[in-house]
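Survey of secondary and tertiary structure
Chain residues, written in single-letter form:
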Amino acid sequence: MVMTLQRRITRTFRENKAQYLSAFFMVMISSMLFVGMNLVANNLRLVFDTFAENSQLEDAQFAADSELAIADLENQFNARIEQSGVADFEVEPGQTLRIFPANEKLNRYALLEGNALDDNSILLDPLFAKAHDLAAGDSLVVAGQEYTVAGTMVLPNYIYIIRSREELINDPATFGIAVVSQANFAALPGTADFYSIRFANRANIHQQEIAFRNGLLTEGVAITRWDSTENNSKVTYVTLEITTLSTMSTAVPGMLIILSIVLIGILLKRMMQRETAVIGTFYALGYRQTELLRHYLMYPLIVGGTGGILGALLGILIGRLIFSFMLSVFTMPVAAFHYNFIFLTIGILLPVVVLVVTSYFAVVNMLGLSPAELMKGTRVSEKVNIVERAIKLDRFSFGTKFQIREQVRSLSRTGFLLFGIIVATILLLYGMTLQSSLDYMLDEGIAALYNLKYEYVYNDVRTEAPPAGFEPFNGFYVTPQADSSVNFAIIGALPQTTRLRLKDPSGNKLIPDRVIITSLLADKLHIGVGDVLRVTSDDDLKEYSLTIEAVADSAAGEFVFMPLEHLNAMLGMPAISYIGIWGDEVLEFPKGILASSKSMDAVAAGIRNLISQSGVLVYTMIGMSFILGLIIIFLVTGMIIEENRTTISLFKVLGYQPKEINRLILNSNTAVVILGYLLGIPLLLLSVSALMQNLTESMQMTIPVRLNVGFMLVGFVVVFVTYQTALLLSRKKIDRILMGEALKAGTE
């Protein structure tokens, strides 16, 4: 008897292979994504934490106007402090190498390949070395001095190797970092000194930084530059990836598991409704309820178990591949890939447990009926539900009435289709939304705000007349007292400036003759016109208060603009003081004059590069959503056909044409598909907004979430094509239904 039930399992899978294979693939993909994403996030976190601890990653980097008594400060603030330096050199035209000394306490390099430093050698970052085909033993000339390449290394404060935080994409062909011995570094020309600090107490780092800076100010030491590691995109990019992967490793697999639960539940319910007489016969033959319960629970157990195991194994493979790719971008030393068996266990058992438990209640409900009722062919009640009664179908034509009834008579099936289309829409438009948002930031943000090609920032405040054709500006970074996690710049510009193009939400032109806040920053700080903004200077910790007089509708970032003279008066500087200039020409400056320079074309190129890199993500999401949508729609239409076999046969007997039957049976889902797509768009924008919030906090930049109409139309076309493809595949099932089935049903 047990063998009989086991043979039924195989036969049922074979007869309904499309449905069960679809459920299997959903479970497998959800398990694969859960295991793979979590393994990558866990390994990135482990490698980052180990690297930061072993190499003693700084908590902040700063410059001061005088020498520090390092030993006394270390004892006073329970911290490690080290004086270091940096120098940039052009080793070839267009190739800049940033050189650091080999530190002893903080930001120590980790050797990847080759030998440790000696008196005449240099260590390069692996990306720069690979881009320029440099290996251990090769020679490299820097500032007129020839060095021998000892090997490759990585620094904890340059995990993502970019020149400055204005850059979005690392380009090892034009920029890299290197380490030389302290003696060799001291002999280099044009070096700039700075200090690094790391606190022994790893809690409340921000508060300790404030206390340390206050201590220096109390002793009369002026801090000329302060860069917290929490705002250093060279480090926070990797923490952003960890956060993003951790978030998505729960959301995406979770949605697929929910789809699998609904699908398995529907399949079991339909199967048991068709087999009530068979179940009653089993009871009559002596099968116990527990045996039948065990039999029907084998379906979700097999689907969940095989899908979970294969998904977990594929997750390991995918995780290793993604992790290797991540390390090609984020340079960190790796001892080994760690397999977290907790994630593997969850990836295997979670689908099994969830599917079996949810299926248990559906099976027990049916098995609770008496054998006599079951043998009579008892079905679950088909009474008109409250939704159908509320619609009042009598006022519609037969075709419309039939299609509406198909949806409301099986709310679980309709809900499965609706939720599936929503998930497919989110996957489909996710990459498109990222690309659309980046396009918007570039076209409606940076290009719309700045009417300039170059920005030059000096090391010191200037008072002489700026070069011809250039406009001066001043500015400094501040932290609002109401939210210490936010950091932005206050910019002082000429009221008659032609380099800034500001407008209010109504499109009217604004000029910086008053205090103007960008809408992105205003929304984040929850302030508006007339509100008082209290901030603390990141440079000298002085407190300032500003009354907001206008809000600029700008997607270029988070700024406060005000008249240059008013800003200088607030800072106690001469009215003509400025820290930087804006213009359209390339200028040459003596070494050590500039703190930074920025080409707006280079910024735009970096964002364009970021947009182009998202193309792979866009096409991958489109492919996944097409397959997922095809599976879901095909399954639902298959269920409709199976439940209406007798009706379809009767339609054929009555002389309905194939097109009419297809319209009545298959096209009943059109409204649900359209509704699912429309509901998916706002849910998508909410999910991308959450991701962008993480991006804002980790990268100190804001990308406004936008989805243009063109992408929406493309998404709808893909969904509609998917829908029509599924209907085309389902028509063959209708064609195979014979007219004799209606006569057979009438005879029975």
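Refer to the structure printed above.
Residues numbered from 1 in each chain as written. Predicted model: local features only at pLDDT ≥ 70, side-chain atom pairs only at ≥ 80, totals over all residues. Heavy atoms only, no water.

**A short note on the pattern of salt bridges**
- Tallied over the entire structure, the rule returns 11 salt bridges.
- Note that Asp88 is salt-bridged to Arg98, the shortest N-O span being 2.8 Å. Of this pair, Asp88 sits in strand β2 (residues 79–92) while Arg98 sits in strand β3 (residues 95–101); the two residues are 10 residues apart in sequence, bridging distant segments of the chain.
- Of the residues examined, Asp88 reaches a relative accessible area of 28% and is grouped as partly exposed.
- Across the salt bridge formed by Asp513 and Arg514, the nearest N and O atoms sit 3.0 Å from each other.
- When its relative accessible area of 36% is taken as the criterion, Asp513 is described as partly exposed.
- Look at Arg514 and you get partly exposed, because its relative accessible area is 29%. (Salt bridge = Lys/Arg side-chain N within 4 Å of Asp/Glu carboxyl O. Helix = DSSP H or I, 4+ residues; strand = E, 2+ residues; numbered from the N terminus. Buried < 20%, exposed > 50% of the residue type's maximum accessible area, 1.4 Å probe, protein only.)

**Quick word on the packing of aromatic side chains**
- Scanning the entire structure with this criterion turns up 28 aromatic pairs.
- Centroid distance Phe13 to Tyr20: 4.8 Å. Interplanar angle 90 degrees. Geometry classified as edge-to-face.
- Aromatic rings pair up to connect Phe62, Phe77, Tyr195, Phe199, Phe212 and Trp226 into one cluster. (Phe/Tyr/Trp six-rings, centres within 6.5 Å; stacked < 30°, edge-to-face > 60°.)

**Observations concerning the pairing of strand β9 (residues 192–199)**
- The buried fraction of β9 amounts to 6 of the 8 residues, a majority that puts the element mostly inside the structure.
- By the bridge criterion, 8 bridges tie β2 to β9 in an arrangement that is antiparallel. By the bridge assignment, Ala79 is partnered in β9 with Phe199. (Pairing = 2+ DSSP bridges.)

**Structural notes on helix α7 (residues 233–274)**
- Look at α7: 60 Å from first C-alpha to last across 42 residues, which is about the 62 Å you get at 1.5 Å a residue.
- Maximal helix bending in α7 amounts to about 25 degrees, located at Met248.
- For α7, the side-chain oxygen to backbone nitrogen distance between the N-cap and Lys234 is 3.0 Å, and the N-cap itself is Asn232. (Expected span 1.5 Å × (residues − 1). Bend = angle between axes of the 7 residues up to and from the residue. Polar contact = N/O pair within 3.5 Å; in protein donor to acceptor, adjacent residues only side chain to side chain.)

**Some details on the packing of helix α9 (residues 289–329) against helix α10 (residues 341–367)**
- Between α9 and α10, whose axes approach to 8 Å, the crossing angle comes to 160 degrees. When the axes of α9 and α10 are compared, the pair comes out roughly antiparallel. Crossing geometry of α9 relative to α10 is assigned as right-handed.
- Grouping the amino acids of the contact of α9 with α10 by side-chain chemistry returns 19 nonpolar, 6 polar and no charged. (Axes fitted to C-alpha atoms, helices over the stretch in contact; angles between N-to-C directions. Parallel < 35°, antiparallel > 145°, perpendicular 65-115°, else oblique. Left-handed = near helix turned anticlockwise from the far one by under 90°. Nonpolar A, V, L, I, M, F, W, Y, C, P; charged D, E, K, R; others polar.)

**Focus: helix α21 (residues 709–735)**
- For α21, which comprises 27 residues, the first-to-last C-alpha distance of 39 Å matches the rise-based estimate of 39 Å (1.5 Å per residue) to within 8%.
- Among the residues of α21, Phe711, Gly715, Val718, Val719, Thr722, Tyr723, Ala726, Leu727, Ser730, Lys733 and Ile734 are the ones counted as buried.
- With a side-chain oxygen positioned 3.2 Å from the backbone nitrogen of Gly710, the residue opening α21 is Asn708.

**Quick notes on the pairing of strand β20 (residues 559–563)**
- In terms of residue burial, β20 counts as a mostly covered element, since 5 of its 5 residues are buried.
- With 5 bridges joining them, strand β13 (residues 488–493) and β20 adopt parallel strand pairing. Counterpart to Ala489 in the pairing with β20 is Phe559.
- In the sheet, strand β16 (residues 516–518) pairs with β20 via 2 bridges, with the strands oriented antiparallel. Bridge assignment links Ile516 to a residue of β20, and that residue is Phe561.

**Here's the deal with unusual backbone geometry**
- Unlike most non-glycine residues, Asn107 shows phi in positive territory, near 50 degrees.
- Assignment of secondary structure puts Asn107 in the loop between β3 and β4 (110–114).
- Even without being a glycine, Asn204 presents a positive backbone phi close to 55 degrees.
- Relative to the helices and strands, Asn204 resides in the loop between β9 and α6 (205–218).

**Overview of the side chain of Glu455**
- Relative to the helices and strands, Glu455 resides in strand β11 (residues 454–462).
- On the basis of relative accessible area, Glu455 is assigned to the buried category, the value being 14%.
- Here Trp582 takes part through its side chain, which lies 3.1 Å from a polar atom of the side chain of Glu455.
- Apart from the residues within four sequence positions on either side, Glu455 is in contact with Phe473, Ile581, Trp582, Ser596, Ser597 and Lys598. (Contact = heavy atoms within 4.5 Å.)

**Some thoughts on the nonpolar core**
- Counting 116 residues, the largest nonpolar core has Leu44, Ile279, Met332, Phe416, Leu628 and Ile665 as the members making the most contacts within it.
- With 19 residues, helix α2 (residues 17–54) is the largest single contributor of residues to this core.
- Residues within four places of Ile279 in sequence aside, it is in contact with Met272, Leu292, Tyr296, Met366, Leu367 and Leu374.
- Val515, Ile517, Leu533 and Val560 belong to the second-largest nonpolar core, a separate cluster that totals 21 residues. (Core = buried A, V, L, I, M, F, W, Y, C linked by side-chain atoms within 4.5 Å.)

**Describing a positive patch on the surface**
- A surface patch of like charges, here positive, comprises Arg7, Arg11, Arg14 and Lys17.
- Looking at the positive patch element by element, the count peaks at 3 residues for helix α1 (residues 2–15).
- Of note, Arg11 is situated in helix α1. (Patch = residues over 30% accessible without salt bridge, like charges linked within 9 Å, V, L, I, M, F, W, Y side chains within 5 Å. Areas by Shrake-Rupley, 256 points an atom, 1.4 Å probe, with all protein chains shown as cover. Lys, Arg positive; Asp, Glu negative; His and termini not counted. Charge placed at Lys NZ, Arg CZ, Asp CG, Glu CD.)

**As for a nonpolar patch on the surface**
- Taken together, the side chains of Leu349, Val353, Val357, Tyr360 and Phe361 present a nonpolar region at the surface, about 470 Å² in accessible area.
- With respect to the element layout, Tyr360 can be found in helix α10.
- Assessed through its relative accessible area of 34%, Tyr360 is described here as partly exposed.

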